[in-house]
Amino acid sequence: AQRILTGIKPSGTPHLGNYAGAIRPAVEASRRADAESFYFLADYHALISTTDPVRVQRSTLEIAATWLAAGLDADRVWFYRQSDIPEIPELTWLLTCVAGKGLLNRAHAYKAAVDKNNADGEDPDAGVNMGLFMYPVLMAADILMFKAHSVPVGRDQIQHIEMARDIAARFNHLYGEHFVLPEAAIDEAVATLPGLDGRKMSKSYDNVIPLFAKPAELKKLVFSILTDSRLPGEPKETEGSALFQLYQAFASADETEAMRTAFAEGIAWGEAKQAVFEYIERAVAPMRERYEALIAQPAQIEQKLLEGAEKARAIATPFLADLRHAVGLRRLD
Ligand code: TYM
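Fair warning: this is a prediction, and the values are worked out from it, not measured in the lab. (Residues numbered from 1 in each chain as written. Predicted model: local features only at pLDDT ≥ 70, side-chain atom pairs only at ≥ 80, totals over all residues.)

Engineer: I'm lost on the overall build of the protein chain in this one. Help?
Structural biologist: Helix and strand counts for the protein chain come out as 13 helices and 5 strands. Here the C-alpha radius of gyration of the protein chain, 21 Å, is about what a compact globule of 333 residues would show, namely 20 Å. Along the first, second and third principal axes, the C-alpha atoms of the protein chain reach 75 × 50 × 35 Å. Of all intrachain contacts in the protein chain linking residues separated by at least 6 positions in sequence, the fraction that spans at least 24 positions is 76%. (Helix = DSSP H or I, 4+ residues; strand = E, 2+ residues; numbered from the N terminus. Rg over C-alpha atoms; globule rule 2.2 N^0.38 Å. Contact = placed C-beta atoms within 7 Å.)

Okay, here's the thing in structure tokens:
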């Protein structure tokens, strides 16, 4: 079977980028007959960027409800919360001891923080916690624990998956072939969904469209997407247009081609925005309804997560026992 795995960090409200980049392709992949899918809430990762316990809990519930509303069949897949699997932080330590510090120095998120500090004349590591530095190792443990082959993610996660491969290869070289080397599965059309300002849609840029914004808010946000000042009738560029990319993420191939033509023929920005709003709404409306029903039943979501954790630990516990033995620790059975 093909093992597919992906996680989302519960540090805020899910947005269209999370959906198009990770949730939608992952749910589709999980329906393939030969797939074994592992989808989880990366709440240990969330602690790196927020110290607000209420936010972590709320976001965990929201993102769990989002997976289910998007059509994930929790009985067919392994659907769990990372922090319910204590074997994951334990594996993180085993991997930490074979991960080069130089490798982690090159991680984009860490490097960006250091570069910013340097530019601001601050101490290079000001405000950087060890969680941020170790982020890729924890993520490697997520992936390697379940021997995932394929990891559907947006483009911003590719480096992390390459690091997981590096760490796995090093461990295998030292201790025998325990880990599968994972690969990122990227849907090129939506690998980096732009936000309102044209940069990558991201909580940290404050440019997101929440996946379950109510129609009026969704419309307002879509109409606030940055465009150039070309007038109706003037040809518009699709290349680099956030609006066009959002349209493409929610329209069929034929519809996208028709919009490409409309851009060339000078569609008015207002008209293009109305179309983007309608296509997003068409995709999201049925999910939003399921989401609202699910979020009103937190106990049921919790139940599913606990069952999922039990199923996941049935794999993680014996595998970790083997790994402990492989490195010379007492086998815990
Ligand atoms: P996170 O929570 O930042 O994002 C979740 C997923 O959404 C994708 N994504 C996007 N895709 C396209 N366009 C965008 N604008 C956009 N913004 C976000 C991300 O690429 C990601 O796939 N480190 C991960 C969580 C994680 C994980 C894992 C993922 C922890 N362990 C193991 C895969 C495997 C993260 O912070 O994603």
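That was the structure; now back to the text.
Engineer: Is there a simple way to think about the nonpolar core in this case?
Structural biologist: By size, the foremost hydrophobic cluster in this structure holds 94 residues, and its most contacted members are Leu95, Ala140, Ala141, Ala164, Ile167, Tyr247 and Val276. Shared between two domains, this core holds at least three residues of each, these being domain 1 (2-193 + 298-327) and domain 2 (212-292). If sequence neighbours within four positions are ignored, Leu95 has contacts with Val137, Ala140, Ala141, Ile167 and Phe171. (Core = buried A, V, L, I, M, F, W, Y, C linked by C-beta atoms within 7 Å. Buried ≥ 20, exposed ≤ 12 C-beta atoms within 10 Å, placed from the backbone. Domains from an automatic or database assignment.)

Engineer: Quick question: what am I supposed to make of the site of the ligand here?
Structural biologist: The environment of the ligand is made up of 28 residues, and the closest members are Lys9, Gly17, Gly21, Val153 and Gly154. Going through the elements one at a time, β1 (2-8), α1 (16-30) and α7 (130-145) are the ones with two or more residues in the shell around the ligand. Considering every element that reaches the shell around the ligand, the biggest residue donor is α1, with 5 residues. Its residues placed into classes, the shell around the ligand shows 13 nonpolar, 11 polar and 4 charged. (Near = placed C-beta within 6 Å. Nonpolar A, V, L, I, M, F, W, Y, C, P; charged D, E, K, R; others polar.)

Engineer: Teacher, can you tell me more about the domain arrangement of the protein chain here?
Structural biologist: How big an interface is tends to be expressed through the accessible area that disappears when the partners come together. Assigned domains of the protein chain: these are domain 1 (2-193 + 298-327) and domain 2 (212-292). Here domain 1 and domain 2 have C-alpha centroids that lie 31 Å from each other. Listed as interface residues are 8 residues of domain 1 and, on the opposing side, 7 residues of domain 2. The biggest single contributor to the side of domain 1 that touches domain 2 is helix α3 (residues 53-69), with 3 residues. Of the residues contributing to the side of domain 1 that touches domain 2, the split by class is 7 nonpolar, 1 polar and no charged.

Engineer: Looking at this structure, how should I read the UniProt feature "short sequence motif: 'HIGH' region" (unreviewed entry) in the protein chain?
Structural biologist: Mapped onto the present numbering, the UniProt feature "short sequence motif: 'HIGH' region" (unreviewed entry) falls on residues 10-18. For residues 10-18, the helix share is 33%, the strand share is 0%, and the end-to-end C-alpha distance is 11 Å. (UniProt positions renumbered as here; feature names shortened; annotations may be inferred.)

Engineer: Where do I start with the packing of α3 against helix α13 (residues 298-327) in this structure?
Structural biologist: Angle between the axes and distance between the axes are the two parameters that describe a pair of packed helices. Taken N-terminus to C-terminus, the directions of α3 and α13 make an angle of 80°; their axes are 10 Å apart at the nearest point. Here α3 is positioned roughly perpendicular relative to α13, judged by the angle of their axes. Residues Leu61, Ala64 and Ala65 of α3 form the contact with α13, whose participating residues are Pro298, Ile301 and Leu305. Split by residue class, the contact of α3 with α13 holds 6 nonpolar, no polar and no charged. (Axes fitted to C-alpha atoms, helices over the stretch in contact; angles between N-to-C directions. Parallel < 35°, antiparallel > 145°, perpendicular 65-115°, else oblique.)

Engineer: Quick question: what am I supposed to make of the UniProt feature "binding site: L-tryptophan" (unreviewed entry) in the protein chain here?
Structural biologist: When the UniProt feature table is mapped to this numbering, "binding site: L-tryptophan" (unreviewed entry) covers Asp142. With respect to the helices and strands, the residue Asp142 is situated in helix α7. With 26 C-beta atoms packed within 10 Å, Asp142 lands in the buried category. Setting aside its immediate chain neighbours within four residues, Asp142 contacts Gly7, Ala42, Gln82 and Ile88.

Engineer: Explain the pairing of strand β3 (residues 78-81) here, please?
Structural biologist: It is a general feature of regular strands that their side chains alternate between the two faces of the sheet. Burial along β3 is two-sided: Trp78 and Tyr80 facing one way and Phe79 and Arg81 facing the other are all buried. Both strand β2 (residues 35-41) and β3 contribute to a ladder of 4 bridges, which runs parallel. Each residue of the ladder has a partner; that of Leu41, found in β3, is Arg81. (Pairing = 2+ DSSP bridges.)

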